[in-house]
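# Chain and residue survey
What follows is the residue order along each chain.
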Amino acid sequence: MFPDPNIRAWYNSFKAPVTSIDCGQMCAPNNPSGKPFCCDICHAVPAAYRSEWQYLQPNTNLWRPYTGQECASPPPGPQPVAPEHMILLACLGPERCERDYRAISCRQFPFFPYITSDFRFIGMAFEWQYENVCWVIHNMNQVTVEYRREFVTFYDRLFNHDIAEMESYGRLSEEMREEFAARRKRIPLLHRNGSDYLISPGSERPRKIHY
């Protein structure tokens, strides 16, 4: 359950665009549907906290529950499954997006809070499943300072409210370490201190870089 019923206040604290340009226009030409990959339900299925969904339902027609029948061909890989405290959603599409009513999962994409093996939230890692299609992942120098600040502040507040959410992202971070260890590659990280690093997936030793 999302820890605070005042969803609008949470949204207002996390509304900065990821980049100063419309990054969706950078990847959309590479998608046969012509949509940004993050806004194409056939590539990415967003999830909302159930209390978030209770707020969205009476305030916007942007969202509806995801049925799995939205695409002529199902997305590749296993079908998405939401945790018990969340619900999968489908939206009206990017051309009808109401940015004030974007779900939190939309606002954070393509990033998630990276949690170290000793349980510290140190910055932003990317959803590596979208590495081949997301323009931002290959242009992380374009991520704005304001977005990075809001991201860290938002998740600091969330984790202070609900340690289970931090544990969930800890498991996701562990999956990323396993994936990048198998690739023999370091994990790119936008650190909460404002600098950029490559993190060893084994030792988690950071190496400072400049994107």
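This text gives an overview of the structure that appears in the document. Source: prediction; values computed, not measured.

Attention now moves to the sheet that holds strand β7 (residues 196–199). Strand order in the open sheet formed by five strands is β4-β5-β6-β7-β8, and the pairing between neighbours is antiparallel. The strands lining the two open edges of the sheet, one partner per strand, are β4 (111–115) and β8 (206–209). With strand direction ignored, the average angle separating the axes of adjacent strands in the sheet is 40°. Direction of pairing for β7 relative to β8: antiparallel, over a ladder of four bridges. Along β8, the bridge assignment pairs I199 with P206. Across the sheet, helix α5 (residues 145–161) lies against β4, β5 (121–126), β6 (187–191) and β7, angled at about 120° from β5, the strand it touches most. On top of the sheet, helix α6 (residues 163–183) reaches β4, β5 and β6; it is set at about 90° to β4, its chief contact.

What follows deals with the pattern of salt bridges. The tally for this structure, following the rule as stated, stands at nine salt bridges. Of the charged contacts in the structure, one is a salt bridge between D156 and R192, with a shortest N-O distance of 2.6 Å. Separated by 36 residues along the polypeptide, D156 in helix α5 and R192 in the loop between β6 and β7 bring together distant segments of the chain. Judged by relative accessible area, D156 falls into the partly exposed class, the value being 26%. In this structure, R177 engages E174 in a salt bridge whose closest nitrogen and oxygen atoms are separated by 2.8 Å. Of this pair, R177 and E174 both sit in helix α6, separated by three residues, roughly a single helical turn. Judged by its relative accessible area of 32%, E174 is partly exposed.

Under the counting rule described, the total for this entry stands at 18 aromatic pairs. Taken together, a centroid distance of 5.2 Å and an interplanar angle of 80° make the contact between W10 and F154 edge-to-face. Here F154 lies in helix α5 and W10 lies in helix α1 (residues 7–12), a separation of 144 residues in the sequence. With relative accessibility at 2%, the residue F154 sits in the buried group. Aromatic ring contacts, followed pair by pair, group W10, F14, F111, F121, Y147, F151, F154, Y155, F159 and Y169 into a single cluster. Positioned above the aromatic ring of Y101 is the side chain of R8, whose terminal nitrogen or guanidinium carbon lies 5.2 Å from the ring centre. Above the face of the W10 ring, R157 is positioned so that its terminal group lies 3.9 Å from the ring centre.

All right, on to the side chain of T116 then. You can see T116 is positioned in the loop between β4 and β5. You can call T116 buried: its relative accessible area is 6%. A distance of 2.3 Å separates polar atoms of two side chains, one belonging to T116 and the other to D118. Once residues lying within four places of it in the same chain are set aside, the contact partners of T116 are I122, R177 and E204.

Next up on the list: the pairing of β5. Most of β5 is tucked away: six of the six residues are buried. In this sheet, β5 lies alongside β4 in antiparallel orientation, the contact comprising five bridges. Looking across to β5, one finds that Y114 is bridged to G123. What sits between the antiparallel neighbours β4 and β5 is a turn of five residues, in which F119 has the positive phi angle 65°. Where β5 lies against β6, two bridges are found, and the strand directions are antiparallel. Each residue of the ladder has a partner; that of G123, found in β6, is H191.

It is worth spelling out the state of the cysteines at this point. Simply put, the disulfide is a covalent bond whose two ends are the sulfur atoms of two cysteines. All chains considered together, the criterion is met by one disulfide. Each sulfur in the disulfide pair C42 and C71 lies 1.9 Å from the other. Sign of the S-S torsion, about -115° for the bond between C42 and C71, identifies this disulfide as left-handed. Note that C42 is positioned in the loop between α2 (24–27) and β1 (47–49) and C71 in the loop between β2 (63–65) and β3 (86–91), a separation of 29 residues in sequence. Residue classification places C42 among the partly exposed residues on the basis of a relative accessible area of 25%. The cysteine C23 is free of any disulfide, with C38 supplying the nearest cysteine sulfur at 6.1 Å. On the basis of relative accessibility, which here comes to 21%, the residue C23 falls in the partly exposed class. Distance from the sulfur of C39, which forms no disulfide, to the nearest cysteine sulfur (C38) is 3.9 Å.

Conventions used here
- Residues numbered from 1 in each chain as written.
- Predicted model: local features only at pLDDT ≥ 70, side-chain atom pairs only at ≥ 80, totals over all residues.
- Heavy atoms only, no water.
- Pairing = 2+ DSSP bridges.
- Helix = DSSP H or I, 4+ residues; strand = E, 2+ residues; numbered from the N terminus.
- Axes fitted to C-alpha atoms, helices over the stretch in contact; angles between N-to-C directions.
- Contact = heavy atoms within 4.5 Å.
- Salt bridge = Lys/Arg side-chain N within 4 Å of Asp/Glu carboxyl O.
- Buried < 20%, exposed > 50% of the residue type's maximum accessible area, 1.4 Å probe, protein only.
- Phe/Tyr/Trp six-rings, centres within 6.5 Å; stacked < 30°, edge-to-face > 60°.
- Lys NZ or Arg CZ within 6 Å of the ring centre and 35° of its normal.
- Polar contact = N/O pair within 3.5 Å; in protein donor to acceptor, adjacent residues only side chain to side chain.
- Disulfide = S-S within 2.5 Å.

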